[in-house]
Amino acid sequence: MYGSRLEPDSDTYDTALDSADKLVTAVSRLSFLCRKIRLSPKLRRLMARLCEEKKVKYLVPIIDVSTRWNSTYDMLVRAFDQRDIVSDVMYANKDNRLIRLVLTESDWDC
């Protein structure tokens with residue numbers, strides 16, 4: 001799976017693991033961001049508040065799991081539906097380490 005290169009309890013994203021394949025890198029960055037939001041009560045509250053402000057249904061990010069063959073797809077679909085909210089959460093959190101990982105439009109197009 002794309003996200004399997006990340007340790008489940010890893011607190012930082014290792015850019016040395018980035019691939020030459022832009023799609024693999026985008027998916028692994030998104031996987032890390034979804035994991036951060038899902039496992040952080042602070043980020044989940046922030047996401048819920050932003051969804052309420054923008055009148056968007058709050059859906060918890062799905063984490064891809066290496067033992068579930070379709071979890072990466074599920075993560076991508078959910079994140080794509082809420083791509084603006086995921087980006088807004090990272091910018092509102094003001095953590096530069098996470099802001100650097102926010103996907104660009106070309107990443108989403110990929």
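Here, the structure is the one placed above.
Keep in mind it's a predicted model, so treat the numbers as computed, not measured. Every residue gets a number counted from 1 within its own chain, in the order that chain's sequence is written. Side-chain atom pairs in this predicted model are given and counted only at pLDDT of 80 or more, local residue features only at pLDDT of at least 70, and totals for whole chains, interfaces and linings cover all residues. Each side-chain value is derived from all of the structure's non-hydrogen atoms; neither hydrogens nor water enter the calculation.

**Describing the side chain of aspartate 107**
Okay, so step 1: Segments assigned H or I by DSSP are reported as helices when at least four residues long, segments assigned E as strands when at least two residues long, and all are numbered from the N terminus. Within the secondary structure, aspartate 107 sits in helix 6 (residues 105–109).
Okay, so step 2: Burial here depends on accessible area, computed with a 1.4 Å probe over protein chains only, as a share of the maximum for the residue type. Under 20% is buried, over 50% is exposed, and the range in between is partly exposed. When its relative accessible area of 8% is taken as the criterion, aspartate 107 is described as buried.

**Here we look at the packing of aromatic side chains**
Okay, so step 1: Note on aromatic pairs: the rings of Phe, Tyr and Trp (six-membered ring only in Trp) are paired at centre separations within 6.5 Å, and the planes decide the class, stacked below 30 degrees, edge-to-face beyond 60, tilted for the rest. Taken as a whole and assessed by the stated rule, the structure comprises one aromatic pair.
Okay, so step 2: Between phenylalanine 80 and tryptophan 108, the aromatic rings sit 5.9 Å apart at their centres with planes inclined by 65°, giving edge-to-face as the arrangement. Of this pair, phenylalanine 80 sits in helix 3 (residues 71–81) while tryptophan 108 sits in helix 6, and the two are 28 residues apart along the sequence.
Okay, so step 3: Look at tryptophan 108 and you get buried, because its relative accessible area is 13%.
Okay, so step 4: Seen from the ring of phenylalanine 80, arginine 83 lies directly overhead, with NZ or CZ sitting 4.1 Å from the centre. Only when the NZ of Lys or the CZ of Arg is both within 6 Å of the ring centre and within 35 degrees of the ring normal is a charge said to sit over the ring.

**Let's talk about the pattern of salt bridges**
Okay, so step 1: Salt bridges are defined by distance alone: a side-chain nitrogen of Lys or Arg within 4 Å of a carboxyl oxygen of Asp or Glu. This structure, assessed with the given rule, holds five salt bridges.
Okay, so step 2: Residues aspartate 88 and lysine 54 are paired through a salt bridge, measuring 2.4 Å at the closest nitrogen-oxygen approach. Taken together, the residues span a long stretch of sequence, with aspartate 88 in helix 4 (residues 83–93) and lysine 54 in helix 2 (residues 41–54) at a distance of 34 residues.
Okay, so step 3: Accessibility expressed as a relative area gives 23% for aspartate 88, which makes it partly exposed.
Okay, so step 4: Take lysine 54: its relative accessible area is 43%, and that puts it in the partly exposed class.
Okay, so step 5: Close ionic contact of arginine 97 with aspartate 95 constitutes a salt bridge, the shortest N to O distance being 3.1 Å.

**A word on empty space enclosed by the protein**
Okay, so step 1: The definitions used throughout rest on a 1 Å grid laid over the protein atoms alone, on which a cavity is an enclosed set of points accommodating a 1.4 Å probe that cannot get out and a pocket is an open set flanked by protein within 12 Å on both sides along at least five of seven lines; lining residues are those having an atom within 4 Å of a point. Grid points are joined across faces, edges and corners, and a volume is the space filled by probe spheres set on the points. Under the defined criterion, the tally for this structure stands at one cavity of 30 Å³ or more.
Okay, so step 2: For the largest cavity, the calculated volume is near 30 Å³.
Okay, so step 3: Around the largest cavity, the lining residues are Leu30, Leu33, Val86, Ser87, Val102, Leu103 and Trp108.
Okay, so step 4: Nonpolar residues are Ala, Val, Leu, Ile, Met, Phe, Trp, Tyr, Cys and Pro. Charged residues are Asp, Glu, Lys and Arg, and all others, Gly as well, are polar. Of the residues belonging to the lining of the largest cavity, the class tally is six nonpolar, one polar and no charged.

**Notes on the nonpolar core**
Okay, so step 1: For our purposes a nonpolar core is just a set of buried Ala, Val, Leu, Ile, Met, Phe, Trp, Tyr and Cys residues, chained together by side-chain atoms within 4.5 Å. Among the nonpolar cores identified, the biggest contains 23 residues, and Leu30, Leu33, Ile37, Met47, Val89, Met90 and Leu103 are the most heavily contacted of them.
Okay, so step 2: Elements supplying a minimum of two residues to this core: helix 1 (22–39), helix 2, helix 3 and helix 4.
Okay, so step 3: With seven residues, helix 1 is the single largest residue contributor to this core.
Okay, so step 4: Among all residues touching leucine 30, those that are not within four sequence positions of it are Met75, Leu76, Ala79, Leu103 and Trp108. It only takes one pair of heavy atoms within 4.5 Å for two residues to be counted as in contact.

**Side note on the environment of lysine 54**
Okay, so step 1: Measuring from C-alpha to C-alpha, the distance between lysine 54 and isoleucine 85 comes to 8.8 Å, with 31 residues separating the pair along the chain.
Okay, so step 2: In this structure, lysine 54 is in contact with Ile85 and Asp88, ignoring residues within four places of it in sequence.

**A short note on helix 2**
Okay, so step 1: Multiply 1.5 Å by the residue count of a helix minus one, and that product is the helix's expected span. Look at helix 2: 20 Å from first C-alpha to last across 14 residues, which is about the 20 Å you get at 1.5 Å a residue.
Okay, so step 2: All of the buried residues in helix 2 are Leu43, Leu46, Met47, Leu50 and Cys51. Looking straight down helix 2, one finds that the buried residues subtend no more than 135° of arc, so they occupy a single side. Along helix 2, exposed side chains directed more than 90 degrees from the buried face belong to Pro41, Lys42, Arg45, Glu52 and Glu53.
Okay, so step 3: Buried residues along helix 2 sit in contact with helix 1 and helix 4.
Okay, so step 4: One or two steps after helix 2, the chain reaches lysine 55, where phi turns positive at roughly 55°. Summarising the geometry, the arc corresponds to the directions from the helix axis toward the C-beta atoms.

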